[in-house]
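Read off the chains here:
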Amino acid sequence: MAKTKRAYVCNDCGADYPRWQGQCSACGAWNTITEVRLAASPTVARTEKYAGYAGATEAKVQTLAAIDLQEVPRFTSGFKELDRVLGGGIVPGAAILIGGNPGAGKSTLLLQTMCWLASQMPTCM
Ligand SMILES: [Zn+2]
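Position numbers for residues start from 1 in each chain and track the written sequence from start to end. Selection of residues for local features in this predicted model requires a pLDDT of at least 70, selection of side-chain atom pairs for listing and counting requires 80 or more, and totals for whole chains, interfaces and linings are taken over all residues. Side-chain calculation: all heavy atoms of the structure are included, whereas hydrogens and water are not.

Undergrad: Any details on the overall build of the protein chain? Residues and values, ideally.
TA: Helix and strand counts for the protein chain come out as three helices and three strands. Note on conventions: DSSP H or I runs of at least 4 residues are helices, E runs of at least 2 residues are strands, and numbering of each starts at the N terminus. Taken from N to C terminus, the helices and strands of the protein chain fall in the order β-β-β-α-α-α. The cut-offs for exposure are 20% and 50% of the maximum accessible area for each residue type, with area from a 1.4 Å probe on protein chains only; residues under the lower value are buried, those over the upper are exposed, and the others partly exposed. Taking all 125 residues of the protein chain together, 14% fall into the buried category. In what follows, residue pairs with any heavy atoms lying within 4.5 Å of each other are defined as contacts. Once local pairs closer than 6 in sequence are excluded, the contacts in the protein chain between residues at least 24 apart make up 34%. About 10,600 Å² of surface is accessible on the protein chain, with carbon and sulfur atoms providing 57% of the total. Only the protein chains shown count as cover for residues, and all accessible areas are computed by the Shrake-Rupley method using a 1.4 Å probe.

Undergrad: So, the coordination of the zinc ion: which residues are in play, and what are the values?
TA: Every protein donor of the zinc ion is accounted for by Cys 10 (SG), Cys 13 (SG), Cys 24 (SG) and Cys 27 (SG), and the metal-donor separations fall at 2.2 to 2.3 Å. Distances up to 2.8 Å from the metal define which N, O and S atoms are donors, and 3.2 Å serves for Na, K and Ca; water is absent from the atom set, so sites may look incomplete. Labels for metal geometry use angle windows, namely 85 to 135 degrees for all angles of a four-donor tetrahedral site, and for square planar (four donors) or octahedral (six donors) sites opposite donors over 155 degrees apart plus all others within 65 to 115; sites meeting none of these are irregular. Coordination at the zinc ion comes from four donor atoms whose angles at the metal span 105 to 116°, giving a geometry best classed as tetrahedral. All donors of the zinc ion belong to a single chain; written as a sequence motif, their spacing is C-x2-C-x10-C-x2-C. Of this pair, Cys 13 sits in the loop between β1 (5-10) and β2 (16-17) while Cys 24 sits in the loop between β2 and β3 (33-38), and the two are 11 residues apart along the sequence. On the accessibility criterion, Cys 24 (1% relative accessible area) is buried.

Undergrad: Account for the nonpolar core, with residues named and values stated.
TA: Within the largest apolar cluster, six residues are counted, these being Tyr 8, Cys 10, Ala 15, Tyr 17, Cys 24 and Ile 33. The contacts of Tyr 8, once residues within four sequence positions are left out, are Ala 15, Asp 16, Tyr 17, Pro 18, Arg 19, Trp 20, Ile 33, Thr 34 and Glu 35. Nine residue types can take part in a nonpolar core, namely buried Ala, Val, Leu, Ile, Met, Phe, Trp, Tyr and Cys, and a core is a set of them joined through side-chain atoms within 4.5 Å.

Undergrad: Report on the side chain of Ser 77, specifying residues and quantitative values.
TA: Within the secondary structure layout, Ser 77 lies in the loop between α1 (46-50) and α2 (80-85). Relative accessible area serves as the criterion here: at 0%, Ser 77 is assigned to the buried category. Reaching out from Ser 77, the side chain makes a polar contact with the backbone nitrogen of Phe 79 at a distance of 3.3 Å. Leaving out residues up to four positions away in the same chain, Ser 77 has contacts with Leu 82, Asp 83, Ile 90, Thr 113, Trp 116 and Leu 117. Here a polar contact is recorded for every N or O atom pair within 3.5 Å, except that within protein the pair must consist of a potential hydrogen donor and a potential acceptor, and residues adjacent in sequence are included only if both atoms are side-chain atoms.

Undergrad: So, the pattern of salt bridges: which residues are in play, and what are the values?
TA: Where charged atoms from two side chains of opposite charge come close, those side chains can pair. We define a salt bridge as a side-chain nitrogen of Lys or Arg found within 4 Å of a carboxyl oxygen belonging to Asp or Glu. What the rule picks out here adds up to three salt bridges. Among the salt bridges present, the one from Glu 35 reaches Arg 6, with a minimum N-O distance of 3.6 Å. Here the residue Glu 35 occupies a position in strand β3, and Arg 6 occupies one in strand β1, the gap between them amounting to 29 residues. Judged by its relative accessible area of 37%, Glu 35 falls in the partly exposed class. With relative accessibility at 44%, the residue Arg 6 sits in the partly exposed group. Here Glu 35 and Arg 37 are joined by a salt bridge, their closest N and O atoms 3.7 Å apart. Bridged by salt links that share partners, the residues Arg 6, Glu 35 and Arg 37 form one connected network.

Undergrad: So, a nonpolar patch on the surface: which residues are in play, and what are the values?
TA: Together, Leu 64, Ile 67 and Leu 69 give the surface a local cluster of nonpolar side chains, amounting to about 380 Å² of exposed area. Its place among the elements puts Leu 69 in the loop between α1 and α2. What makes a patch is a set of residues exposed beyond 30% relative accessible area and free of salt bridges, joined within 9 Å when like-charged and within 5 Å when nonpolar (Val, Leu, Ile, Met, Phe, Trp, Tyr).

Undergrad: Give a detailed account of the side chain of Thr 113, specifying residues and quantitative values.
TA: Residue placement: Thr 113 occurs in helix α3 (residues 106-120). Leaving out residues up to four positions away in the same chain, Thr 113 has contacts with Ser 77, Phe 79 and Leu 82.

Printed below as a string of C-alpha cells:
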C-alpha cells in the first residue's frame, strides 16, 4: 500500500515545507500554511525503473543456456603487470578500483597509464 505523502504549502506565496510551521519563511505571513495531501506516485514497474540505466534495455528472464557469453575485447594499459592483474587488460566501460597503502604508487601508476592511453587513443568523443 502506497503511503500518502503530505506537503505544507503557504496560501499566500505558494512556498512548500516538509513540516507545518506557524510563519511562512518565504513571505513572512502567519498561519497561512496548510496541509496538502499529495497523490501517491504511480507504481513503476521494475523494468521501467531501470530502463536506460547503464545502457540497460528491458529486463527479461532467461535461462543460463540462452545467455550468449562472448569474450569482451580488452585493451592494454601499456604496462604488462597491470594488464596481468586486470586479467589481460582493461575492459571497455569497466570500473576499476585501485587500492594500496599510502605512498605505494597508485597515483603514479594511474597517471602513467592515462598518459600512455592518451597517446594511443582519442581521449574524448
Ligand atoms: Zn508564504
